Amino acid sequence: MGEINPEFIQALEHRPKPDTTIEAENIPLIDLSSLHDIPPEKTDSLENLIAEIGNACQNWGFFQVINHGVPSNCRKKIESASRKFFALPKQDKRKISRNEINPYGYYDTEHTKNVRDWKEVFDCTVQNPTIIPASHEPDDTELKELNNQWPENIPELREACEEHAAEMEKLAFKLLELIALSLGLKKDRLNGFFKDQTSRIRLNYYPPCPVPHLTLGVGRHKDAGVLTILAQDDEVGGLQVKRKTDGEWILVKPTPDAYIINVGDIIQVWSNEKYESVEHRVKVNSEKERFSIPFFFNPAFYTMVEPLEELVNEQNPSKYKPYSWGKFLSTRKLSNYKKLDVENIQIHHFKN
Ligand SMILES: O=C(O)CCC(=O)C(=O)O
Ligand SMILES: [Fe+2]
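Residues numbered from 1 in each chain as written. Chains lettered and ligands numbered in written order. Predicted model: local features only at pLDDT ≥ 70, side-chain atom pairs only at ≥ 80, totals over all residues. Heavy atoms only, no water.

Convention followed: UniProt positions are given in the numbering used here, feature names are shortened, and annotations may be inferred rather than shown by experiment.
As recorded in an unreviewed UniProt entry, the chain goes by Fe2OG dioxygenase domain-containing protein and comes from Rehmannia glutinosa. Taken verbatim from the UniProt record of the chain, the Sequence similarities (unreviewed entry) comment is "Belongs to the iron/ascorbate-dependent oxidoreductase family."

Below you can see the structure in the form of structure tokens.
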């Protein structure tokens, strides 16, 4: 234990408790089958679905979906390509390292809230190339084009990521429309923000850890984008969600073939806090490795994020000042690479 790099050690109050984790309650499980085959006379089932989604967003910020329409072989393909990639020797993975210029590729020293995560990741963008601001400086209007990097020896990784991205995008738009309807908005009210989307797929690999009580696979955080669709390991759980009612960490039990959905910070702002982006983290395991695959559904870099005008009024005034998603992203990126002494950028910095 003496050999553990102190960068990984969480402060006492953030360490996961030894396994007394509450498993009794799980996050809501929502069946999307009525989306695919609703006969016209059965629109009330769509209304039930919208209400279920609205309640889950309000009470948990998290839910799982089944009968989501994503073919299971698409998921199997990306899961097996991911295992193959992370099994490569480190020097091979590092040939496609992410860096301060290109945020897409392999990375094994990510920090969350200035503590190093016990994980390795591979990131790729969905819309290749992706355009983002060249710097975080507010007055710098220069843009840059970012491209994916792929490992030479695993051609199936690229194919699997591209197929998975297309499926995730379809599901993300369905969920976005249901969320818009649940907020009393027009079904396609939010779709336009994604014309030049900055969405990303991440492959997470959490190696076994000799001191799982001192570290976290990913430290507590909220997802900054619009929605996250997560394929969690079917066997090895580890994702914990902070329950809104009492702040307890709830372990999300794996449900085979389900996807876990969470509302990100942008929905919190758009909805003027009707829905909240909820903190979550990942526990690691002393014997078992764990894999997960989040899809981060993010708008175009030029999106100015602010509460939607339909959802603010005199009684419920706007709780946030507008902020640029592109500048937010590039400011946040600075802190992913270095251990800083200050908190990284958060939406509460834009609170009215
Ligand atoms: O691995 C997981 O279950 C969740 C990962 C996560 O929260 C993230 O990558 O943002
Ligand atoms: Fe997350």
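## Details of the pairing of strand β2 (residues 62–66)
Basically, it comes down to this: Burial here depends on accessible area, computed with a 1.4 Å probe over protein chains only, as a share of the maximum for the residue type. Under 20% is buried, over 50% is exposed, and the range in between is partly exposed. Secondary structure follows DSSP: runs of H or I at least 4 residues long count as helices, runs of E at least 2 residues long count as strands, and numbering of each begins at the N terminus. Following DSSP output, two strands are said to pair if at least two bridges run between them.
A large share of β2 lies buried, amounting to four of its five residues. Sheet topology note: the strand β1 (residues 29–31)/β2 ladder contains three bridges and is parallel. Directly across from I30, in β2, lies its bridge partner V65. Across four bridges, the pairing between β2 and strand β14 (residues 259–263) is antiparallel. From the neighbouring strand, F63 faces β14, where its bridge partner is I261.

## Notes on the sheet that holds β1
Filter applied, for reference: In this analysis an axis means a line fitted to C-alpha atoms, helices contributing only their contacting stretch, and an angle means the value between N-to-C directions, from 0 to 180 degrees. Throughout, a contact is declared for two residues whenever any of their heavy atoms are within 4.5 Å.
Ordered in space as β1-β2-β14-β11-β16-β9-β6-β3, the eight strands form an open sheet in which the pairing is mixed. Unpaired on one side and paired on the other, β1 and β3 (105–107) mark the two borders of the sheet. Averaged over all pairs of adjacent strands, the angle between their axes in this sheet comes to 25 degrees, without regard to strand direction. The strands touched by helix α3 (residues 72–86) are β3, β6 (120–125), β9 (200–206), β11 (227–232), β14 and β16 (290–297); relative to β9, the strand with the most contacts, the crossing angle is about 55 degrees.

## Remarks on the coordination of the iron ion (ligand 2)
So the rule is basically this: Note on donors: an N, O or S atom is included if it sits within 2.8 Å of the metal, or within 3.2 Å for Na, K and Ca, and water is never included, so sites can look incomplete.
Each protein donor to the iron ion (ligand 2) is listed here as H221 (NE2), D223 (OD) and H280 (NE2); together their distances run 2.1 to 2.3 Å. The sequence motif formed by the donor residues of the iron ion (ligand 2) is H-x1-D-x56-H. Note that D223 is positioned in the loop between β10 (218–221) and β11 and H280 in strand β15 (residues 280–282), a separation of 57 residues in sequence. Just as D223 is buried, H280 falls in that class too.

## Focus: the packing of aromatic side chains
Rule in force here: Two rings from Phe, Tyr or Trp (for Trp, the six-membered ring) form a pair when their centres are within 6.5 Å of each other. A pair whose planes differ by under 30 degrees is stacked, one over 60 is edge-to-face, and the rest are tilted.
Tallying each qualifying case throughout the model produces 18 aromatic pairs. Judged by centre distance (5.2 Å) and plane angle (55 degrees), the ring pair of F85 and F122 falls under tilted. Of the two residues, F85 sits in helix α3 while F122 sits in strand β6, which places them 37 residues apart along the sequence. For the pair F85 and F122, a shared accessibility class is recorded, and that class is buried.

## A word on the environment of S271
Counted only if it meets this: For the purposes of these results, a polar contact is taken to be a pair of N or O atoms within 3.5 Å, where, inside protein, one atom must be able to donate a hydrogen and its partner to accept one; residues adjacent in sequence count only when each atom of the pair is a side-chain atom.
Mapped onto the fold, S271 is located in the loop between α6 (265–270) and β15. Judged by its relative accessible area of 3%, S271 is buried. Along the chain, S271 and P307 lie 36 residues apart, while their C-alpha atoms are 5.9 Å from each other. Other than its neighbours up to four places away in sequence, S271 contacts L183 and L311. A polar atom in the side chain of S271 sits 2.8 Å from the backbone oxygen of I267.

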